[in-house]
Amino acid sequence: MLERYNFGEIEKKWQKKWEDSNSFKVTEDADKEKYYVLEMFPYPSGKLHMGHVRNYSIGDVLARYKRMKGFNVLHPMGYDSFGLPAENAAIKNGTPPAEWTYSNMDEMTKQLKELGLSYDWDRQVATCKPDYYRWMQWIFIQFYKKGLAYKKDNPVNWCPSCQTVLANEQVVDGKCERCKSPVTKKSLSQWYFKITDYADRLLANLDKLPGWPEKVKIMQRNWIGKSHGAQITFPIEGFDKAMDVYTTRADTLYGVTYMVMAPEHPYISELVAGTEYEADVNAYIEKVQHMSDIDRTSTSNEKTGVFIGRYAINPINGKKVPIFISDYVLMGYGTGAIMAVPAHDTRDFDFAKMFDLEIIPVVDPGDPEIDLNNLKEAFVAEGTMINSGFMDGMNNRDAIAAMIKHVEEKGIGKETTNYKLRDWLISRQRYWGTPIPMIYCEDCGWQPEKEENLPVLLPEDVEFTGKGESPIATSKTFQNAVCPCCGKPAKREIDTMDTFLDSSWYFLRYCDALNDKEAFAKDKVDYWMNVDQYIGGVEHAILHLMYARFFQMALYDLGLVSQEEPFENLLTQGMVIKDGAKMSKSLGNVVSPAEIIEKYGADTARLFILFAAPPERELDWSDQGVEGSYRFINRVYRMVYDFTKDYKVTGDAYEIRNDADKNLNYWKNYAVKKVSDDIGTRFNFNTAISTVMELVNEMYKYREGDVNEALFGATVKDLIVMLAPFIPHVAEEMWEHIGAEGSVHDQSWPSYDESALVKDTVEIVVQINGKIKERLDIAGDLSREEMQEVCMNDDKVKALTEGKNVIKVIAVPNKLINIVVK
RNA sequence: GCCGGCGUGAUGGAAUUGGCAGACGUGCGGGACUCAAAAUCCCGUGGUGGCAACACCGUAUGGGUUCGACCCCCAUCGCCGGCACCA
């Protein structure tokens with residue numbers, strides 16, 4: 001070890017040793033307790049950013065800590081390597097997506113290794129590799145066979161000029177973001193997963209995840225959006241089909257004054273065919289079709305709509321009410337039609353005012369301030385039923401149940417549960433994704449490819465023009481297939497899978513990444529799963545984390561895994577920001593990990609990022625803070641170096657000779673206790689580090705006096721071991737330097753001696769009426785009564801309470817005394 | 001609009017959940033070392049008043065509960081995030 005801290009050499013040296021000895025490889029070991037720590041795998045954009053560094057540093061500290069605690073730790077890394085950017089690169093500069101992706105992965109792997117992360121690289125997965133997507137396709141087929149995958153026509157955004165499907169985000173003002181031509185809705189045949197079948201379980205199981213942040217669970221609950229109500233059937237005058245509506249407010253059925261259908265409602269064309277309303281209705285539908293969902297919802301108060309010339313009959317009282325179409329009713333939720341109660345629904349109220357429709361109050365607020373005959377806004381709170389036949393006088397919350405029961409008895413409706421969650425549209429008209437392993441046969445319909453023919457490989461004879469159909473369609477051979485059922489020539493599906501599928505089971509593949517016989521062996525998955533600690537950005541709170549849960553449940557139902565939920569504990573790390581804003585190119589506040597590693601080394605980068613803030617919170621990047629972390633490493637390094645000039649680190653046995661020894665011994669043991677707790681149970685790495693800093697400060701102080709070689713040496717040893725998870729390279733270097741055996745990362749985590757934590761005297765606070773008046777050093781571990789006695793006999797306390805009436809005394813052992821006086 | 005979260009020194013953040021507010025780091029001030037600077041080491045650093053011992057004030061604001069509140073309750077203000085015409 002050199003006198004000066006040369007991070008460049010140290011980091012290179014140890015990274016090579018770890019790699020050469022395959023230090024972090026793990027295998028199943030039934031005799032050891034396992035721990036699976038997983039960080040969300042990255043998209044291989046080519047460069048790591050600080051968010052990655054933060055994510056992986058957190059995971060690495062945990063992995064290294066748990067390993068030292070004796071766990072068999074699985075800590076893998078891989079790439080979510082399918083996706084659009086690779087395809088865009090191909091369009092822009094002609095590089096094949098595979099080439100672009102593989103070179104990015106190499107670059108990122110290099111950077112990850114430079115951070116000194118303790119991954120078992122043998123288990124690396126990349127979702128774009130055939131040995132991964134083969135099993136993705138196999139899983140798809142299992143889902144298909146179980147009835148979880150289906151193909152359905154559905155309207156999607158279509159740009160007639162670019163000849164392509166657009167995502168909602170790519171439609172601006174009803175126009176194509178690129179060429180500005182009006183976007184139409186086109187019905188395209190798309191593959192879906194029936195995630196809605198799992199809505200209830202996805203919701204209910206959230207309660208079985210105490211290790212998840214409440215925030216994420218709330219977001220998922222809202223996304224699933226379960227609501228309880230009734231479906232009620234309204235006959236349409238002069239029409240043979242009736243109109244079903246969904247409502248959570250069955251209590252307001254008597255207050256219905258009109259009906260609204262979504263513009264996409266299937267009955268509309270029939271209802272207006274050949275009438276004087278047809279032209280207006282079609283014009284309105286046309287207009288709505290040209291709007292993106294974003295625009296449809298942006299003008300939230302301005303209601304639009306058209307009367308369709310038809311009437312519905314309220315089944316409860318026979319009242320005839322007009323039917324409108326309006327874009328404020330969504331086809332995708334409930335039945336795509338509503339009963340409108342303007343008196344008690346804000347949106348219906350706005351619409352009724354706009355079209356001058358009748359408003360009938362049926363819930364009385366019981367508030368003299370509110371004029372029921374001239375409502376200024378919809379009344380949506382609780383009240384008493386009026387104008388509602390048999391329900392009059394009831395509380396409206398009770399009336400909901402009463403009305404549901406009533407409509408069920410009369411056969412005009414039924415109790416219903418609804419979800420906001422929709423089925424998962426999984427097909428993409430893109431090249432760089434897993435081919436959907438389905439074949440269309442004129443005679444047999446859609447058939448899954450035979451499992452022995454997997455993988456269905458991505459074709460390479462394709463063109464990337466950015467126009468026309470998916471590039472896969474340009475392949476001369478890809479679509480030609482044989483029907484797995486009847487053997488006749490058939491056509492292969494050219495759509496690929498949403499990349500969220502790939503990332504919905506990668507944690508299972510890590511358990512058995514090299515298996516070429518099956519997606520994963522059940523016994524291996526049974527050994528490693530569940531993921532004990534999952535770590536990633538909160539931006540995945542809904543999509544990825546919901547899809548992965550869905551996959552796990554579906555695989556559980558298929559008998560392929562033994563648990564319903566994949567992630568035992570979830571930690572959502574905060575963003576890395578600088579100067580009060582997210583790091584971004586446009587703001588010019590990006591700090592690249594590469595430049596920090598170059599200037600200070602990976603250990604400093606890791607230490608700073610863990611020290612600057614607790615993991616869930618935003619982290620404010622500070623160049624001066626980085627300097628501070630660098631200084632701290634130097635400070636430790638110097639101390640260890642200097643100590644070994646005069647002394648040796650011997651065994652662990654030492655004697656306590658005096659107060660200074662006792663104090664250092666206290667700190668040594670206290671730090672072990674505190675750091676273990678902070679890493680292992682609280683994930684407060686920032687306070688763990690600050691404790692180690694305090695210990696180092698104490699060691700500097702101690703060094704000024706009469707040094708007990710054995711004690712100081714033992715403290716140095718514990719110090720290096722405690723620092724190892726945070727700054728693994730320099731810890732290893734110092735460990736070698738003090739002449740200790742083996743790798744520091746193979747050491748057991750230090751234990752502490754409870755008796756060393758007992759102080760001879762403790763400082764307690766004396767309060768009078770809750771105000772601190774005095775601090776006293778008294779013997780430690782006194783009982784309440786003893787404490788009180790010592791305190792009341794103190795001269796200052798006596799003086800302060802002189803002539804006052806002591807009402808009561810509260811004593812908290814080793815902490816404080818509060819004397820209440822009058 | 002609805003649902004969350006957060007407001008603590010100049011600053012990033014501590015305070016293990018109702019018991020010493022401001023640990024640790026940064027910055028700043030002072031000292032030591034040096035011809036000098038950097039680095040390093042040591043000391044100080046919430047505010048007001050006082051030579052001082054000390055006193056008073058202080059965790060967004062206003063109230064409450066409690067012997068005791070950064071922590072619990074009510075209201076208000078501000079910032080951030082999620083969802084957003086879901087009937």
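Structure first, text after, so check above.
Everything in this summary refers to the structure shown in the same document. (Residues numbered from 1 in each chain as written. Chains lettered and ligands numbered in written order. Predicted model: local features only at pLDDT ≥ 70, side-chain atom pairs only at ≥ 80, totals over all residues. Heavy atoms only, no water.)

**Here's the deal with the packing of aromatic side chains**
Under the counting rule described, the total for this entry stands at 59 aromatic pairs. Between Tyr258 and Phe351, the ring centres sit 5.3 Å apart and the planes meet at 20°, which makes this aromatic pair stacked. With Tyr258 in strand S10 (residues 258–261) and Phe351 in helix H11 (residues 346–355), this pair connects stretches of sequence that are 93 residues apart. In this structure Tyr258 comes out as buried when scored by relative accessible area, which is 0%. (Phe/Tyr/Trp six-rings, centres within 6.5 Å; stacked < 30°, edge-to-face > 60°. Helix = DSSP H or I, 4+ residues; strand = E, 2+ residues; numbered from the N terminus. Buried < 20%, exposed > 50% of the residue type's maximum accessible area, 1.4 Å probe, protein only.)

**So, the sheet that holds strand S28 (residues 619–620)**
Pairing between the strands of a sheet comes from backbone hydrogen bonds, and it takes one of two forms, parallel or antiparallel. Strand order in the open sheet formed by three strands is S27-S26-S28, and the pairing between neighbours is mixed. Lying at the two open borders of the sheet, with one neighbouring strand each, are strand S27 (581–582) and S28. Here strand S26 (residues 576–578) runs beside S27; their pairing, made up of two bridges, is antiparallel. Each residue of the ladder has a partner; that of Ile577, found in S27, is Lys582. (Pairing = 2+ DSSP bridges.)

**Observations regarding empty space enclosed by the protein**
Considering all chains together, one arrives at one cavity of 30 Å³ or more under this definition. Empty space within the largest cavity amounts to approximately 40 Å³. Along its surface, the largest cavity is lined by Arg54, Ile58, Ile609, Leu610, Ala613, Pro614, Pro615 and Phe685. Counting residues per element, the ones that place at least two in the lining of the largest cavity are helix H2 (50–68) and helix H18 (602–611). (1 Å grid on protein atoms, 1.4 Å probe; cavity = no way out; pocket = protein on both sides within 12 Å on 5 of 7 lines; lining within 4 Å. Points joined across faces, edges and corners; volume = space filled by probe spheres on them.)

**Focus on the protein's contact with RNA strand B**
For RNA strand B, the set of nearby residues contains 57 residues, the closest of which are Thr248, Tyr333, Arg347, Lys420 and Arg775. For RNA strand B, the fraction of protein-proximal atoms (within 4 Å) that sit in sugar or phosphate groups is 66%. Separating a base oxygen of RNA strand B from a side-chain N or O atom of Lys303 is a distance of 2.6 Å. At 2.8 Å, a side-chain N or O of Arg631 approaches a phosphate oxygen of RNA strand B. (Near = heavy atom within 4 Å. Polar contact = N/O pair within 3.5 Å; in protein donor to acceptor, adjacent residues only side chain to side chain.)

**Quick look at the layout of surface pockets**
The space that makes up the second largest pocket amounts to roughly 340 Å³. Surrounding the second largest pocket, 21 residues form its lining, Asp652, Tyr654, Lys668, Asp718 and Ser751 being those nearest its centre. Of all the secondary structure elements, the ones that give two or more residues to the lining of the second largest pocket are helix H20 (659–682) and helix H22 (709–723). Considered class by class, the residues forming the lining of the second largest pocket number nine nonpolar, six polar and six charged. (Nonpolar A, V, L, I, M, F, W, Y, C, P; charged D, E, K, R; others polar.)

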